[in-house]
Amino acid sequence: MRPRMWLLLAAQLAALHGSSVLQQTPAYTMVQTNQMVMLSCQAISSLTTRIYWLRQCKAPSSDSHHEFLVFWDSSKGTIHSEGVEQEKIAVFRDGSRFFLNLTRVKPEDSGLYFCMVIGSPSLTFGTGTQLSVVDILPTTAQPTKKSTPKKTVCRLPRPATRKGPLCSPITLSLLVAGILVLLVSLGVAIHLYCRQRRARLRFMKHLRLYPLEECSRLDY
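Residues numbered from 1 in each chain as written. Predicted model: local features only at pLDDT ≥ 70, side-chain atom pairs only at ≥ 80, totals over all residues. Heavy atoms only, no water.

## Some details on the packing of aromatic side chains
Two aromatic rings, taken as a pair, are described by how far apart their centres are and by the angle between their planes.
At step 1: Across all of its chains, the model carries 6 aromatic pairs by this definition.
At step 2: Ring centres 6.2 Å apart and planes at 25° place the aromatic pair Phe68 and Phe71 in the stacked group. A single burial state applies to Phe68 and to Phe71, both of which are buried.
At step 3: With a centroid separation of 5.9 Å and 80° between ring planes, the pair formed by Phe114 and Phe125 is classed as edge-to-face. Pair noted here: Phe114 is in strand β9 (residues 111–118) and Phe125 is in strand β10 (residues 123–125), with a separation of 11 residues, a long-range link.
At step 4: Pairwise contacts between aromatic rings join Tyr52, Phe68 and Phe71 into one cluster. (Phe/Tyr/Trp six-rings, centres within 6.5 Å; stacked < 30°, edge-to-face > 60°. Buried < 20%, exposed > 50% of the residue type's maximum accessible area, 1.4 Å probe, protein only. Helix = DSSP H or I, 4+ residues; strand = E, 2+ residues; numbered from the N terminus.)

## Looking at the pattern of salt bridges
At step 1: For the structure shown, the criterion picks out 4 salt bridges.
At step 2: Residue Asp109 pairs with Arg55 through a salt bridge whose shortest N-O separation is 3.5 Å. On the criterion of sequence distance, the pair formed by Asp109 in the loop between β8 (97–102) and β9 and Arg55 in strand β4 (residues 50–56) is long-range, its members being 54 residues apart. Exposure class is identical for Asp109 and Arg55. Each is buried.
At step 3: Connected via shared salt-bridge partners are Arg55, Glu67, Lys88 and Asp109. (Salt bridge = Lys/Arg side-chain N within 4 Å of Asp/Glu carboxyl O.)

## With respect to the layout of surface pockets
At step 1: Taken as a whole, the largest pocket encloses approximately 190 Å³ of empty space.
At step 2: For the largest pocket, the full set of lining residues is Arg55, Glu67, Leu69, Gly83, Val84, Glu85, Lys88, Ile89, Leu102, Glu108, Asp109 and Tyr113.
At step 3: Taken together, the residues that form the lining of the largest pocket break down as 5 nonpolar, 1 polar and 6 charged. (1 Å grid on protein atoms, 1.4 Å probe; cavity = no way out; pocket = protein on both sides within 12 Å on 5 of 7 lines; lining within 4 Å. Points joined across faces, edges and corners; volume = space filled by probe spheres on them. Nonpolar A, V, L, I, M, F, W, Y, C, P; charged D, E, K, R; others polar.)

## Some remarks on the sheet that holds strand β1 (residues 22–25)
At step 1: Sheet architecture is open: 4 strands sit in the order β1-β3-β8-β7, paired in antiparallel fashion. Pairing within the sheet leaves two strands with one partner each, and these edge strands are β1 and β7 (89–94). Adjacent strand axes in the sheet meet at a mean angle of 20°, parallel and antiparallel pairs treated alike. (Pairing = 2+ DSSP bridges. Axes fitted to C-alpha atoms, helices over the stretch in contact; angles between N-to-C directions.)

## Things to note about the pairing of β8
At step 1: When you tally the buried positions in β8, you get 5 out of 6 residues, the bulk of the element.
At step 2: Of the strand pairs in this sheet, strand β3 (residues 37–43) and β8 are connected by 6 bridges, and their pairing is antiparallel. Looking across to β8, one finds that Ser40 is bridged to Phe99.
At step 3: Bridge count between β7 and β8: 6 bridges; the pairing is antiparallel. Paired with Val91 across the bridge in β8 is Leu100.
At step 4: Taking the residues that link successive antiparallel strands as the turn, the β7-β8 hairpin has 2 residues, and the phi of Gly95 there is positive, at about 70°.

## Topic: a nonpolar patch on the surface
At step 1: A cluster of nonpolar residues, Leu172, Leu175, Val176, Ile179, Leu180 and Leu183, forms a patch on the protein surface that exposes about 560 Å² of accessible area.
At step 2: Within the fold, Leu175 resides in helix α2 (residues 169–219). (Patch = residues over 30% accessible without salt bridge, like charges linked within 9 Å, V, L, I, M, F, W, Y side chains within 5 Å. Areas by Shrake-Rupley, 256 points an atom, 1.4 Å probe, with all protein chains shown as cover.)

## A short note on the pairing of strand β5 (residues 66–73)
At step 1: Across the 8 residues of β5, 7 count as buried, placing the element largely inside the fold.
At step 2: Direction of pairing for β4 relative to β5: antiparallel, over a ladder of 7 bridges. Bridged to Arg55 within β5 is Glu67.
At step 3: Examined bridge by bridge, β5 and strand β6 (residues 77–80) share 4 bridges and lie antiparallel to one another. Bridged to Phe71 within β6 is Ile79.
At step 4: Where β5 folds back on β6, the antiparallel hairpin that results is connected by 3 residues.

## Section: the state of the cysteines
At step 1: For the coordinates displayed, the defined rule picks out 1 disulfide.
At step 2: The disulfide partner of Cys41 is Cys115, and the gap between their sulfur atoms is 2.1 Å. On the S-S bond that ties Cys41 to Cys115, the torsion sits near 65°, and the link is right-handed. With Cys41 in strand β3 and Cys115 in strand β9, this pair connects stretches of sequence that are 74 residues apart. (Disulfide = S-S within 2.5 Å.)

Okay, here's the thing in structure tokens:
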């Protein structure tokens, strides 16, 4: 049996069993046509020297099949499968993490992508990444925000600041007139008081003199 046929047959037998040894991220991604996407496969051991990438175009089932795309080897580098556009698919490594880079993707590139390691004697599959390529990305409706009514702030009017002299000529005239009226009133009150006092004194003096005159009339 040819090695490629053996690989595809082995993938058919182990496709439905994702392994915790190979963790793939993201689990699902959607990109627009002609864009680039990068899939990640994390191996627990950094001693992995070869990793395979496969694509499953249909949902996992008994009649689904895997398409071998490319594998990366520590000594040979990237090896593409027959019929795969080499400039479109690239694999590179960073420590224990392996990346599958797809450029200028098309809707026919959609599918479930698996990374895989061939052990002895079993195959180890990653958890898988579902890729969807669409012409137009769906828009997510933004939740409507309730408008909060603005609070009306009542502000008291500020007193106007008066500029210039504090008293106008009219005010000064009224003030002087009021002072004069008070002075005149005070003068009149003092004059009346003095007259009343003099009248009272004359009356008291008259009272003191009146008894003497009466006594003298009685003697006669």
